[in-house]
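# Residue-level structure breakdown
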Amino acid sequence: MEHELIQVSRADGSWDQLADQWGQQCADFEEDFDGYALDALPVLRDLADNPARDAGVFALKRDDGTFDAVCQANATFLPGYKGKVLRVRHMLLSPHFDFGEYPIEQYVQVLSRMFARTVHLAKSDLPSEHVKFHLRSPADRQFFEATLDAFTDTNLFDAVAIRGSWLYLTFNRA
């Protein structure tokens with residue numbers, strides 16, 4: 001099963017598809033979608049209503065149309081950085097992952113694909129020299145700490161670090 005990272009918006013109907021799908025998933029678990037992820041969904045909904053030039057809502061969508069994850073991504077200049085920084089925040093996994101019981105491998109697959117697709121986003125639609133990826137939980141931090149060596153062994157990144165709840169990446173300019 002393949003995933004693609006797509007920008008979702010109210011204008012093209014993709015935000016409504018995601019919300020309807022996740023609303024049904026909440027209902028399947030006898031949960032209320034209106035109370036789901038209150039710290040992130042309103043922020044994402046507002047940005048889906050009014051995307052900016054260098055910011056938007058991006059969702060990880062399977063080839064069967066299922067949305068597995070969503071996040072806010074924006075490319076901006078930040079103090080202390082040379083070049084733009086792609087910040088990835090408010091990442092949510094679908095209610096199936098929040099309420100269901102699945103093998104850890106499925107969670108790892110979605111998290112790693114979300115990461116890989118957002119790194120690609122920094123090299124394509126939102127060109128950036130750095131990526132700051134906000135980690136959702138101590139488990140996410142543990143996952144990325146275990147993969148730091150693999151990141152630093154590639155020629156893709158010049159610097160890789162975890163500080164607090166953030167994964168910091170700087171692309172190799174060569």
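Refer to the structure printed above.
Residues numbered from 1 in each chain as written. Predicted model: local features only at pLDDT ≥ 70, side-chain atom pairs only at ≥ 80, totals over all residues. Heavy atoms only, no water.

As a working rule, side chains carrying opposite charge can pair if their charged atoms are close by. Applying the stated criterion across every chain, the model contains 10 salt bridges. Of the charged contacts in the structure, one is a salt bridge between Lys84 and Asp54, with a shortest N-O distance of 2.8 Å. Of this pair, Lys84 sits in strand E4 (residues 84–93) while Asp54 sits in the loop between helix H2 (41–49) and strand E2 (55–62), and the two are 30 residues apart along the sequence. Close ionic contact of Arg136 with Asp140 constitutes a salt bridge, the shortest N to O distance being 3.5 Å. When its relative accessible area of 1% is taken as the criterion, Asp140 is described as buried. One salt-bridge network, in which partners are shared between bridges, spans Arg10, Asp16 and Asp49. (Salt bridge = Lys/Arg side-chain N within 4 Å of Asp/Glu carboxyl O. Helix = DSSP H or I, 4+ residues; strand = E, 2+ residues; numbered from the N terminus. Buried < 20%, exposed > 50% of the residue type's maximum accessible area, 1.4 Å probe, protein only.)

Attention shifts here to the nonpolar core. Counting residues in hydrophobic clusters, the biggest one holds 33 residues, and the most contacted among them are Leu86, Phe115, Phe133, Phe144, Phe151, Leu167 and Leu169. Elements with a contribution of two residues or more to this core: E2, strand E3 (67–77), E4, helix H4 (104–123), strand E5 (130–134), helix H5 (138–152), strand E6 (157–163) and strand E7 (166–171). Of the residues forming this core, the biggest block, 8 residues, is contributed by H4. Sequence-distant contacts of Phe133, that is, excluding residues within four places in its chain, are made with Val88, Met91, Phe115, Thr118, Phe144, Ser165, Trp166 and Leu167. The next biggest cluster of nonpolar side chains, apart from the first, holds 21 residues, and it includes Leu44, Val57, Val70 and Leu92. (Core = buried A, V, L, I, M, F, W, Y, C linked by side-chain atoms within 4.5 Å. Contact = heavy atoms within 4.5 Å.)

Further remarks concern unusual backbone geometry. If a residue is not glycine, its phi is most likely negative; likewise, a peptide bond is most likely trans. Even without being glycine, Glu30 reaches a positive phi, approximately 55°. Note that Glu30 resides in the loop between helix H1 (14–28) and H2. Classification of Glu30 by relative accessible area gives exposed; the value is 75%. Even without being glycine, Ala37 reaches a positive phi, approximately 50°. Among the structural elements, Ala37 can be located in the loop between H1 and H2.

Here the focus is the side chain of Asn74. In this structure, Asn74 sits in strand E3. For Asn74, a relative accessible area of 10% corresponds to the buried category. Those residues in contact with Asn74, other than ones at most four positions away along the chain, are Asp54, Ala55, Val85, Leu86 and Arg87.

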